[in-house]
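If you want the building blocks of each chain, they are given just below.
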Protein chains: 2
Amino acid sequence: MDAYTAIIGKRDRREYTSQPIPDEVRHRILQAGRMAGSSSNNQLGRLIVLNDRGALEALAPAGRGTATMLKAPLSVAIVTQGGSAFDVGRIAQNMMVAAWADSVASCPQGVQDQEMARKALGLPNDYSVGMCLAFGYPDESVPKRESRPRLPFDEVVHWGRW
Amino acid sequence: MDAYTAIIGKRDRREYTSQPIPDEVRHRILQAGRMAGSSSNNQLGRLIVLNDRGALEALAPAGRGTATMLKAPLSVAIVTQGGSAFDVGRIAQNMMVAAWADSVASCPQGVQDQEMARKALGLPNDYSVGMCLAFGYPDESVPKRESRPRLPFDEVVHWGRW
């Protein structure tokens, strides 16, 4: 898919079919995360593919909106050794746009209880979960939520100054 | 450009030619920022195109690495009304990948002195500059810095748990 089309068309979505994500699609999603730039190229982010059911079930209660992870065909935790949330956002967006270019929908899910998350994943003490991402093919049988559309261009973009 | 190719090939770069960014390319970059998803779709991010020389020169000293903005053919501030740095990262990555799909290089530049930045841009008190982005066609006459390459895939990606 064309880059601009993928970027513009990506919407966060939480309803997926049970169709598995093929290995090559998963590989592209992980590569997209790996290749994201970081502050001073510090590369503090790591990716944990949550394909261990026990670890995933121990992790999910550490976040308020993490129920989606338990049902998604693919979930990934972005963990970081003190890296910025801005850089975690760059990693996440790369992964979600790459997924959408392969028709895979996604949604970020934050973790609040870092102590529980560290224990669930066996993380070193100086790591935290920056964000979790759920991925899956969109379940078109579930009606889309009535969501607020994006603000108009002229409301988002200012010229020169505020 | 194919989405995956754009995502994987994008590198942060600070050396640009003086070639202006065409209006339609600038429009795609701004649209990419506007369409980024946000936490609970709160859409707290706004974009300020820094095409007012006075405002840009007043803003640049508010950050330590913002000299690039002054030379770049296009600079944009992502400002936010209390939105998360994670969401600013999503906006920024969308814009930078969209730019790269049009062969435009880019680099994020953080602002440390928010009071100075607010004054430079005439921002409301409850807004801050999440990140600035510089854009330009890469200057191939400047040798690329010896930069640390991305970590190997198997060092970035863990399976199941840490």
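Predicted model only: the values in this text are computed from it and were never measured.

Definitions and cut-offs
- Residues numbered from 1 in each chain as written.
- Chains lettered and ligands numbered in written order.
- Predicted model: local features only at pLDDT ≥ 70, side-chain atom pairs only at ≥ 80, totals over all residues.
- Helix = DSSP H or I, 4+ residues; strand = E, 2+ residues; numbered from the N terminus.
- Rg over C-alpha atoms; globule rule 2.2 N^0.38 Å.
- Buried ≥ 20, exposed ≤ 12 C-beta atoms within 10 Å, placed from the backbone.
- Contact = placed C-beta atoms within 7 Å.
- Least-squares fit on C-alpha atoms with pLDDT ≥ 70 in both.
- Axes fitted to C-alpha atoms, helices over the stretch in contact; angles between N-to-C directions.
- Parallel < 35°, antiparallel > 145°, perpendicular 65-115°, else oblique.
- Left-handed = near helix turned anticlockwise from the far one by under 90°.
- Core = buried A, V, L, I, M, F, W, Y, C linked by C-beta atoms within 7 Å.
- Nonpolar A, V, L, I, M, F, W, Y, C, P; charged D, E, K, R; others polar.
- Pairing = 2+ DSSP bridges.
- pLDDT = per-residue confidence, 0-100.

**Q** Report on the overall build of chain A, specifying residues and quantitative values.
**A** When helices and strands are tallied, chain A shows 7 helices and 5 strands. In sequence order, the secondary structure elements of chain A are arranged as α-α-β-α-α-β-α-β-α-β-α-β. Relative to its length of 162 residues, chain A is compact, with a C-alpha radius of gyration of 16 Å against a globular reference of 15 Å. Its C-alpha atoms give chain A principal-axis dimensions of about 45 × 40 × 30 Å. For chain A, the proportion of its 162 residues judged to be buried stands at 49%. Look at the contacts in chain A between residues 6 or more apart in sequence, and 83% of them connect residues 24 or more apart.

**Q** Describe in detail the relation of the copies chain A and chain B, supporting the description with residues and values.
**A** Put simply, the two copies of the chain differ by a rotation about an axis and a shift along that axis. Its rotation angle being 180 degrees, the transformation that places chain A on chain B also includes 0.0 Å of axial translation and leaves an RMSD of 0.0 Å. Here the copies are linked by what is in effect a two-fold axis. By C-alpha distance to the rotation axis, the residue of chain A lying nearest is A:Ala3, at 1.8 Å. Mapped onto chain B, 100% of the interface residues of chain A are again interface residues, and the two copies thus contact each other with one and the same surface.

**Q** Which residues make up the packing of helix 5 (residues 85-101) of chain A against helix 5 (residues 85-101) of chain B, and what values go with them?
**A** For the pair helix 5 of chain A and helix 5 of chain B, interaxial distance at closest approach is 7 Å and the crossing angle is 50 degrees. Regarding the angle of helix 5 of chain A to helix 5 of chain B, the classification is oblique. In the crossing of helix 5 of chain A with helix 5 of chain B, the sense of the turn from one axis to the other is right-handed. In contact with A:Ala85, A:Phe86, A:Asp87, A:Val88, A:Gly89, A:Arg90, A:Ala92, A:Gln93, A:Asn94 and A:Val97 of helix 5 of chain A, helix 5 of chain B contributes B:Ala85, B:Phe86, B:Asp87, B:Val88, B:Gly89, B:Arg90, B:Ala92, B:Gln93, B:Asn94 and B:Val97.

**Q** Give a detailed account of the nonpolar core, specifying residues and quantitative values.
**A** Core analysis: the largest hydrophobic core is formed by 99 residues, its most contacted members being A:Val97, A:Ala98, B:Ala77, B:Ile78, B:Val97, B:Ala98 and B:Leu133. When neighbours within four sequence positions are excluded, B:Ile78 is seen to be in contact with B:Gly33, B:Gly45, B:Leu47, B:Val88, B:Ile91, B:Ala92, B:Gly130, B:Met131 and B:Leu133.

**Q** Please give an account of the packing of helix 2 (residues 23-34) of chain B against helix 5 of chain B that cites residues and values.
**A** All names here are of chain B. The interhelical angle for the contact between helix 2 and helix 5, taken along N-to-C directions, is 150 degrees, at an axis separation of 7 Å. The angle between the axes of helix 2 and helix 5 places the two elements in the roughly antiparallel class. The two elements helix 2 and helix 5 cross, and the hand of that crossing is right-handed. Facing Arg28, Ile29, Ala32 and Gly33 of helix 2, the residues of helix 5 in contact are Ile91, Asn94, Met95, Ala98 and Ala99. Its residues assigned to classes, the contact of helix 2 with helix 5 shows 6 nonpolar, 2 polar and 1 charged.

**Q** Go over the pairing of strand 2 (residues 74-80) of chain A, please, and point to the residues and values.
**A** Residues and elements named next belong to chain A. Of all 7 residues that make up strand 2, 7 are buried, and the element is covered over most of its length. Burial along strand 2 is two-sided: the residues Leu74, Val76, Ile78 and Thr80 and Ser75, Ala77 and Val79 are all buried. Where strand 1 (residues 45-49) meets strand 2, 5 bridges bridge the pair, whose relative direction is antiparallel. Bridge pairing in strand 2 places Arg46 opposite Val79. Alignment of strand 2 against strand 4 (residues 128-136), held across 7 bridges, turns out to be antiparallel. Looking across to strand 4, one finds that Ile78 is bridged to Met131.

**Q** A description of the confidence of the model for chain A should follow, citing residues and the corresponding values.
**A** Confidence in the prediction for chain A averages 96 pLDDT; 98% of positions are at 70 or higher. Among the scores for the predicted complex, ipTM is 0.97 and pTM is 0.97.

**Q** Can you lay out unusual backbone geometry for me, pointing to particular residues and giving the numbers?
**A** Of note, A:Ser40 is a non-glycine position whose phi angle comes to about 50 degrees, a positive value. Looking at A:Ser40, the number of C-beta atoms within 10 Å reads 10, which means it is exposed.

**Q** Describe the interface of chain A and chain B, and please don't skip the residues or the numbers.
**A** Many authors give the size of an interface as the accessible area that is lost as the parts come together. Contact with chain A, which involves 55 residues of that partner, is made by 55 residues of chain B. Looking at the side of chain A that touches chain B, the elements with two or more residues in it are helix 1 (3-9), helix 2 (23-34), strand 1, helix 5, helix 7 (153-156) and strand 5 (157-159) of chain A. Per element, the largest residue contribution to the side of chain A that touches chain B is 12 residues, and it comes from helix 5 of chain A. Looking at the side of chain A that touches chain B residue by residue, the classes come out as 30 nonpolar, 13 polar and 12 charged. Where strand 5 of chain A and strand 1 (residues 45-49) of chain B come together, 3 bridges link them in parallel fashion. Note that in strand 1 of chain B the partner of A:Val157 across the bridge is B:Leu47.

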